[in-house]
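Here is what each chain is made of, one letter per residue.
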Amino acid sequence: MDFSLGDRCEELRTEVREFLAEHLPQETIDRVHETGTAHDWTFYRALGARGWIGAAWPKEFGGQDRDPFEMTALRDELRLAGAPTDGLGQSLIVARTIRHVGTEDQKQEFLPPALAGEIIFALGYSEPDSGSDVAAAKTRATRDGDDWVINGQKMFTTLAHEAAFVFLLARTNPEVAKHKGLTMFLVPLDSPGVEMHPVHTMGGERTNATFYNDVRVPDRYRVGSVDGGWDVMTVALTFERGGFGLSDADRVWQQAVAWAKTTLGDDGTPIIDDPLVRERLASMRINNEVAKLLAYRTSFVAARGGLPTVEGSMHKLWYSESMTADAGELLDMLGAKGVLRRGDGDAPADGWIEHLYRHAAVTTIYGGTSEVQRGIIAERGLGLPRPGR
Amino acid sequence: MDLDLNPQQQDLVAAFRAFFLKESPPSVVRSAEPHGFDPSLWSRVAQLGGPAIGVPEGSGGGGAGLVDLVLITEQLGASLAPIPLLEGMIAARVLARVGDSGREALERLTSSAPAVATVALTPVRDGQARMVPAGGIAELVVGLDGSDLVLASGEPPVGRRNLGDSPVADRSFGADRTVLASGSAALELHATALNEWRTLTAGAQAGLGATALGLGVEYAKQRKQFGVPIGSFQSIARDLADVATAVDGATMLAREAAWAADVCQTDAPALAGMAFLFAGRTAQKASGVALHVHGGYGFTLEYDVQLYYRRAKAWSLALGDPRRGLQALADVLFGPGART
Ligand SMILES: Cc1cc2nc3c(=O)[nH]c(=O)nc-3n(C[C@H](O)[C@H](O)[C@H](O)COP(=O)(O)OP(=O)(O)OC[C@H]3O[C@@H](n4cnc5c(N)ncnc54)[C@H](O)[C@@H]3O)c2cc1C
């Protein structure tokens, strides 16, 4: 048994920290925070140039053949530094899915630029009328010669305004059961007929509504078989829930501790000496450790060639729910001043705790809500009967 | 990273699991109540490796590391076996560490008919150690008196009726006690024993939680109301899914704490505290949910889930109020606080 990521990971961590000191200036963090676009091309290309987007990929795809735990260490360091990682996260989900189920041509066309940091992908699953019930998607794709014609609307298409392609879930056969008439496509977002509007959120993140009006896509951009889209989704959703290590909860915990150690309270004593503060921070540290272990287990199962469906759901459920609860606890511990936002000189821990409180709520929603994760754990993990629907 | 058990560990787990399933079903747990000790089970477990299993081979023990021991206490907790194996393992490791002064006592633990030994968790005051786990059955008790690590032996007093039906009792350290170590060495030995106790108890609580979860899941699949299995009601499934997640987390955290101690990681003491607090909370939640899933039947003595419910709470109180445990963890993480 060995819970360490290994010596090579420690070496990589040092390299990543040096890289971040050079390529992640405070301006980038501030800009990401203000625009809500958790992607930065200068940073991303630098990451690609180091070969780190594909760190754990085989050399044939332009990767570095590192072990998957090195990728975990890398992403942990990016998280702790507050680097923008949404583009990286989304693109790796799509890239891994293409590698799993795509054609040779698709691998040739999409994987090298994706791993080099030249393009990113958006995820086009959710629609105005279908979120948790993602298989109820209504966006239509109809065959026309060598092309498909897409019509419909997607909601919450995060980073569509930066992505080259959207990985789109579309209905190709409305006559059969909902899971059996779906097909996946890679739709170029500069295609005629694509429109998008920004959607702004409580956490400051920007996402988008995207519209598809007679958008033509060549058949070679279809991923998986016609009407076989649900199988592709199953793979992609597992990658979505299974790719994490540390989270914002770890970063903000560290920021909160650093702040409490260096700041005096109203009574003139160090904040870190307050038993209520100590209790909150200690308690959150435990939850974070559990989240880390559940994440590492997910990576471990994947590294052994398994598809960690239940493990990934457990991690996603635990980290998001405990982070949301702990963000509230940390804010309580700050009292009245806790409400001050980033940018106000008096904001405790530079306002990161206040921000976490607004941000954390979405982590229990996107990528499958907590209810969806619990359903997966109950049915596939515990073998409980499906609820009557 | 390697989260799998190695082949020896798999064998170890299989052996203890099979032993407890066969030799310590709930009927055995029940018939040992309220004293919480089955002497015949104790004499039989020695064949698998008694309390000295975690003592170096050179000192006559089994040479197992803390990870191996935590795998055993997972099985111990899963079965609620009424034997002082966990306490004995801790005591044996302390006695092995002190060297010559502990040799004679250690020999009684490495023997094929091992004595019952324990460690008092809280310091001795006025010659008394309070609420000693297994204090009601132990012939040998290690305690910290001032800056001396001491050993008392003798007839155990009558145990006290308690929530977990465990053989807990106060022990006196009279004039005939032996000093095992003194000064900073004694303090360190006791602190290490406490962290090992936290870690092994975390394993036991994780095992308890896993069994309680299993009881809840089984009942939820079988019990029907409104014409369907109650497990198909989402609020039931939801609680069980939350518990399953926490139990997996608690199990891994206990193992991580043990691993960290085995390889001398600097964060091992913090992990021991985290593992103990989290596993205690998780075991309570698991047995609480499982009891609730059983409806009124879960509240009756006839059903087993109450056995787990009571012990989950009792075991988590042995070191005092868990919120003070969080304060102690904070001391490890941030250094001692000025205002306590
Ligand atoms: C900031 C942000 C970014 C996002 N990014 C993307 C993205 O890039 N791509 C993308 O495709 N989507 C994205 N999403 C969408 C996200 O995945 C969905 O919001 C989510 O899956 C929930 O769907 P919904 O919003 O339609 O809520 P609903 O599905 O309508 O759910 C509403 C409530 O009902 C509950 N519920 C639903 N079904 C059940 C059930 N069977 N049992 C019990 N409870 C149930 C849900 O848990 C939830 O609490 C994003 C969302 C946000 C907020």
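Everything quoted here is computed from the prediction, not taken from an experiment.

Tell me about the packing of helix α5 (residues 85–98) of chain B against helix α6 (residues 100–110) of chain B, and please be specific about residues and values.
Residue and element names in this part refer to chain B. Between α5 and α6, whose axes approach to 7 Å, the crossing angle comes to 145°. In the crossing of α5 with α6, the sense of the turn from one axis to the other is left-handed. Listed contacts from α6 to Gly88, Ala91, Ala92, Leu95, Ala96 and Val98 of α5 are Asp100, Ser101, Gly102, Ala105, Leu106 and Leu109. Residue composition of the contact of α5 with α6, by class: eight nonpolar, three polar and one charged.

Give a detailed account of the sheet that holds strand β1 (residues 117–119) of chain B, specifying residues and quantitative values.
Residue and element names in this part refer to chain B. Taken in spatial order, the four strands make up an open sheet running β1-β3-β4-β6, and their pairing is mixed. The outermost strands of the open sheet, each flanked by one partner alone, are β1 and β6 (178–182). Across the sheet, the mean angle separating the axes of adjacent strands is 20° when strand polarity is ignored. When strand β3 (residues 140–145) meets strand β4 (residues 148–153), the two strands line up antiparallel, connected through six bridges.

A description of helix α3 (residues 41–49) of chain A should follow, citing residues and the corresponding values.
Residues spaced three or four apart along an α-helix face the same direction, because each turn holds 3.6 residues. Residue and element names in this part refer to chain A. Residues of α3 that are buried: Trp41, Phe43, Tyr44, Ala46, Leu47 and Gly48. Against α1 (7–23), α4 (68–81), α5 (86–101) and α6 (104–116) lie the buried residues of α3. Phi turns positive, to about 80°, at Gly51, one or two residues after α3.

Describe the nonpolar core, with residues and values.
Formed by 201 residues in total, the largest nonpolar core has its most connected members in A:Tyr125, A:Phe167, A:Leu186, A:Leu281 and B:Leu149. The leading source of residues in this core is helix α9 (residues 275–303) of chain A, at 12 residues. Excluding its chain neighbours within four sequence positions, the residues that come into contact with B:Leu149 are B:Val94, B:Val98, B:Val142, B:Gly143, B:Leu144, B:Thr178, B:Val179, B:Leu180, B:Ala181, B:Ala186, B:Leu189 and B:His190. By size, the runner-up hydrophobic cluster in this structure holds 33 residues, among which are A:Leu382, B:Leu208, B:Val247 and B:Leu307.

Kindly report on the site of the ligand, identifying the contributing residues and their values.
Every one of the 14 residues lining the ligand counts as a neighbour, but A:Ser132, A:Phe156, A:Thr158, A:Thr369 and A:Glu371 are closest to it. The ligand sits at a junction of chains, with neighbouring residues supplied by chains A and B. Take A:Leu123: an N or O atom from its main chain is 2.8 Å from a nitrogen atom of the ligand. The separation between a nitrogen atom of the ligand and a polar side-chain atom of B:Gln234 is 2.7 Å. Protein chains shield 67% of the accessible area of the ligand, which is 970 Å² for the free molecule. Here the residues of the shell around the ligand are counted per class, giving six nonpolar, seven polar and one charged. Here the shell around the ligand spans two domains, and each of domain 2 (123–230) and domain 3 (241–381) of chain A adds at least three residues to it.

Hey, could you go over the environment of A:Ser126 for me, with residue numbers and the actual values?
All names here are of chain A. Relative to the helices and strands, Ser126 is located in the loop between β1 (121–124) and β2 (140–144). With a relative accessible area of 24%, Ser126 lands in the partly exposed category. The residues contacting Ser126, other than those within four sequence positions of it, are Lys154, Met155 and Phe156.

Lay out the interface of chain A and chain B with the relevant residues and their values.
Chain A puts 47 residues into the contact, and the matching count from chain B is 48 residues. Carbon and sulfur atoms supply 66% of the area that chain A and chain B bury against each other, a total of about 4500 Å² over both sides. If you sort the residues of chain A by the area they bury against chain B, A:Met1, A:Phe3 and A:Arg278 come out on top, with a joint share of 19%. The interface formed by chain A and chain B holds eight salt bridges in total. The residue B:Arg323 makes a salt bridge to A:Glu279 at a minimum N-O spacing of 2.8 Å. Summed over the shared surface of chain A and chain B, the number is 12 residue pairs in polar contact (both at pLDDT 80 or more). Where the side of chain A that touches chain B is concerned, the elements lending two or more residues are α8 (248–262), α9, α10 (309–334) and α12 (370–381) of chain A. It is α9(A) that provides the largest number of residues to the side of chain A that touches chain B, a total of 17 residues. By residue class, the composition of the side of chain A that touches chain B is 26 nonpolar, six polar and 15 charged.

Each value, and the rule that gives it
Residues numbered from 1 in each chain as written. Chains lettered and ligands numbered in written order. Predicted model: local features only at pLDDT ≥ 70, side-chain atom pairs only at ≥ 80, totals over all residues. Heavy atoms only, no water. Axes fitted to C-alpha atoms, helices over the stretch in contact; angles between N-to-C directions. Helix = DSSP H or I, 4+ residues; strand = E, 2+ residues; numbered from the N terminus. Left-handed = near helix turned anticlockwise from the far one by under 90°. Contact = heavy atoms within 4.5 Å. Nonpolar A, V, L, I, M, F, W, Y, C, P; charged D, E, K, R; others polar. Pairing = 2+ DSSP bridges. Buried < 20%, exposed > 50% of the residue type's maximum accessible area, 1.4 Å probe, protein only. Core = buried A, V, L, I, M, F, W, Y, C linked by side-chain atoms within 4.5 Å. Near = heavy atom within 4 Å. Polar contact = N/O pair within 3.5 Å; in protein donor to acceptor, adjacent residues only side chain to side chain. Areas by Shrake-Rupley, 256 points an atom, 1.4 Å probe, with all protein chains shown as cover. Domains from an automatic or database assignment. Buried area = accessible area lost by both parts, 1.4 Å probe. Salt bridge = Lys/Arg side-chain N within 4 Å of Asp/Glu carboxyl O.

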